[in-house]
Amino acid sequence: GDEIGELAASFNAMVEDLARSREELTRYSKALEKSNRELDDFTYIVSHDLKEPLRSLDAFSKFIYEDYTERLDEQGRGYLERIRVNARRMQQLIEDLLAISRLSRKPNELQAVDARQIIGDVSRRFEYLFAERHVEFRVSPVLPTMICDRVRLTEVFANLVSNAVKYCEKPACRIEIGYEAESADHHFFVRDNGSGIPSEYFEKIFEIFQ
């Protein structure tokens with residue numbers, strides 16, 4: 001009944017709580033590992049299934065282009081070529097989706113990437129949307145080659161550009177991607193003529209779920 005006895009009892013209770021927490025953490029880790037394996041399997045199956053119709057689309061459009069090219073005018077041949085280009089681009093997007101799903105468990109390999117190639121991929125992804133919304137898309141003439149994660153950086157630019165179009169209420173949307181080199185750092189900006197965000201929310205928008 002003394003203080004040392006009470007301290008010992010409290011310490012024993014804490015040890016028991018830690019042991020239970022460790023058991024719960026072990027169960028959680030095993031469940032999470034199983035969930036990750038199932039997610040990998042699901043993503044692989046879905047990406048594989050999506051690739052097949054795209055291959056067929058590319059193949060049949062190629063057959064049409066080769067066998068019926070004389071019956072098509074220049075505009076028709078241009079449409080077919082765009083179908084083939086977008087089918088191949090969709091295949092690349094599926095590959096990127098598979099890579100993104102594994103980012104937290106296996107980082108992508110860093111590689112030398114031309115920023116102009118990344119932004120070009122993004123602009124082609126939204127080619128139809130740009131035409132539909134009359135988007136004027138400007139890109140800085142000077143862009144660097146960087147050592148980076150191509151998949152992640154492509155998604156950053158894609159999200160910024162798609163948001164710029166989505167929240168532009170004007171008849172003609174203007175989007176500009178610029179670049180400024182400062183010492184060893186690369187500074188990009190994405191600027192548009194949309195409604196913008198009030199200054200009092202500048203910090204809050206970067207909080208999770210905001």
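Below is a summary of the structure that appears in this document. (Residues numbered from 1 in each chain as written. Predicted model: local features only at pLDDT ≥ 70, side-chain atom pairs only at ≥ 80, totals over all residues. Heavy atoms only, no water.)

Time to look at the packing of aromatic side chains. Applying the stated criterion across every chain yields a total of 5 aromatic pairs. A ring pair is formed by F130 and F137, whose centres lie 5.1 Å apart and whose planes are at 35°; its orientation type is tilted. Note on F130: relative accessible area 10%, which makes it buried. Consider the rings of Y179 and F188, whose centres lie 5.1 Å apart with planes at 50°: the pair is tilted. Looking at Y179, the relative accessible area reads 15%, which means it is buried. Ring-pair connections join several aromatic residues into one group, and the members of that group are F126, F130 and F137. (Phe/Tyr/Trp six-rings, centres within 6.5 Å; stacked < 30°, edge-to-face > 60°. Buried < 20%, exposed > 50% of the residue type's maximum accessible area, 1.4 Å probe, protein only.)

Before going further, it helps to spend a moment on the environment of D96. Within the secondary structure layout, D96 lies in helix α2 (residues 74–101). Through-space distance from the C-alpha of D96 to that of R152 is 9.0 Å; in sequence the pair is 56 residues apart. If near-sequence neighbours (up to four positions away) are discounted, D96 is found in contact with R150 and V151. (Helix = DSSP H or I, 4+ residues; strand = E, 2+ residues; numbered from the N terminus. Contact = heavy atoms within 4.5 Å.)

Here the focus is the nonpolar core. Grouped together as the largest cluster of nonpolar side chains are 21 residues, with contacts concentrated most on V122, F126, F130, V135, F157, V161 and I175. Within the residue set of this core, elements represented by two or more residues are α3 (115–125), β3 (145–148), α5 (150–166) and β4 (173–182). Those residues in contact with I175 that sit more than four places away from it in its chain are V135, E136, F137, R138, V161, A164, V165, V190, R191 and D192. (Core = buried A, V, L, I, M, F, W, Y, C linked by side-chain atoms within 4.5 Å.)

Glancing now at the sheet that holds strand β5 (residues 185–192). Pairing within the open sheet is mixed, and its 3 strands lie in the order β2-β4-β5. Only two strands of the sheet have a single partner each, and these edge strands are β2 (135–139) and β5. The average undirected angle you get between the axes of adjacent strands in this sheet is 15°. Of the strands in this sheet, β2, β4 and β5 touch α3, which is tilted by about 170° from β2. (Pairing = 2+ DSSP bridges. Axes fitted to C-alpha atoms, helices over the stretch in contact; angles between N-to-C directions.)

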